[in-house]
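Structural overview
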Amino acid sequence: MILKDLLVGVTGITGHLGRQLAADLLKHGARVAGCARTQTRLDDLAKSLNCGADRLFLKSCDATIMTGTNGLTQFVDAAAAHFNTPFDGWVNNAYTGKSEKLGELTETGVDTTLHGALTGYLMATELIAKHFINAKRKGSIVNVSSMYGVVSPQPSAYVKHPQFHNPPAYGAAKAGVIQFSKYAATHYAPHGIRVNVIVPGAFPSDAVQKEQGFIGELTKRIPLERIGMPTEYAGPVVFLLSDLASYVTGAELRVDGGWTAW
């Protein structure tokens, strides 16, 4: 078990990829503290994972807010108290934003997306890094970006399925996550804290996968000729959190089936 007894925090743990990540972290021996905004979804996840309080702690929290009863600071303190140990790893996995298209952008929509997909990551990274430093922990942080933080969506992929088109503010925010992760990695390295960024490709949710025409548009743009499975997202994250990646920091790990290699 490469994460045996390590305490790992995950934001956005009830999402399509967060749920699988939680399961894989537990499988590899970690103790998991996860947060999301909706309590009913947290309750459902707890039932599906079916493990005890000595391994799992879930709490409603807004990962874009640092203070207050529903803020991330309170979640970090509550989880560390629950397990009676500081965190060893952290995954910024949550996302909130507006699906505004180019030509229809509003200041409010752009600000909401940048706050949910970038500002929250900066503040959460700083929060957990301070936690590591105060606890004298050489922790690992994994920030989640996107292939659309590296390349632009191809408009032709969305002609028949415009509802799935990625908004421009999302890509801008995810590009910022990549740069910030490298920045944080170099500045926190003297403390033994590693910061890396994972860059997922096409991992559509179950609901999106029902639109087989759209899935076909995606797969023909992927060298491996298929979409990613949630376990294929979780595996690289587990690697970056573990001692197998003890000499890896500031890295941008693309998990996209080769999409950005064309």
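These numbers were taken from a predicted model, which means no experiment stands behind them.

Analysis parameters
- Residues numbered from 1 in each chain as written.
- Predicted model: local features only at pLDDT ≥ 70, side-chain atom pairs only at ≥ 80, totals over all residues.
- Heavy atoms only, no water.
- Pairing = 2+ DSSP bridges.
- Helix = DSSP H or I, 4+ residues; strand = E, 2+ residues; numbered from the N terminus.
- Axes fitted to C-alpha atoms, helices over the stretch in contact; angles between N-to-C directions.
- Salt bridge = Lys/Arg side-chain N within 4 Å of Asp/Glu carboxyl O.
- Buried < 20%, exposed > 50% of the residue type's maximum accessible area, 1.4 Å probe, protein only.
- Expected span 1.5 Å × (residues − 1).
- Bend = angle between axes of the 7 residues up to and from the residue.
- Phe/Tyr/Trp six-rings, centres within 6.5 Å; stacked < 30°, edge-to-face > 60°.
- Core = buried A, V, L, I, M, F, W, Y, C linked by side-chain atoms within 4.5 Å.
- Contact = heavy atoms within 4.5 Å.

**Considerations on the sheet that holds strand S7 (residues 252-255)**
Reading across the sheet, the seven strands line up as S3-S2-S1-S4-S5-S6-S7 and stay open at both edges, with parallel pairing between neighbours. Edge positions in the open sheet fall to strand S3 (56-60) and S7, since each of these has one partner strand only. Each strand of the sheet is rotated relative to its neighbour by a mean of 15°, with strand direction disregarded. For strand S1 (residues 7-11) and strand S4 (residues 89-92), the ladder comprises three bridges, and the chain directions are parallel.

**Looking at the pattern of salt bridges**
Evaluation of the coordinates by the stated rule reveals eight salt bridges. Ionic pairing is found between lysine 220 and glutamate 217, a salt bridge with its closest N-O pair at 3.3 Å. For lysine 220, a relative accessible area of 56% translates into the label exposed. As a salt-bridge pair, glutamate 217 and arginine 221 come within 2.9 Å of each other at their nearest N and O atoms.

**Comments concerning helix H4 (residues 107-134)**
Think of an α-helix as 3.6 residues a turn; residues three or four steps apart then line up on the same face. Over its 28 residues, H4 extends 38 Å from the first C-alpha to the last, a length consistent with the 40 Å expected when each residue adds 1.5 Å. For H4, the principal kink sits at histidine 115 and spans about 45°.

**Some words on the packing of aromatic side chains**
If you walk through the whole model with that rule in mind, you get eight aromatic pairs. Look at tyrosine 95 and tyrosine 170: their rings are 5.1 Å apart centre to centre, the planes differ by 85°, and that puts the pair in the edge-to-face class. Here tyrosine 95, found in the loop between S4 and H4, pairs with tyrosine 170, found in helix H5 (residues 168-188); they are 75 residues apart in sequence, far enough to count as distant. On the basis of relative accessible area, tyrosine 95 is assigned to the partly exposed category, the value being 34%.

**Re the nonpolar core**
The biggest cluster of nonpolar side chains holds 38 residues, and the ones touching the most others in it are Ile13, Leu21, Leu25, Val91, Tyr233, Val237 and Leu241. Here this core takes six residues from helix H8 (residues 230-241), the largest share from any one element. What tyrosine 233 contacts, discounting residues up to four positions off in sequence, is Leu17, Leu21, Asn93, Val144, Ile198, Pro200 and Phe203.

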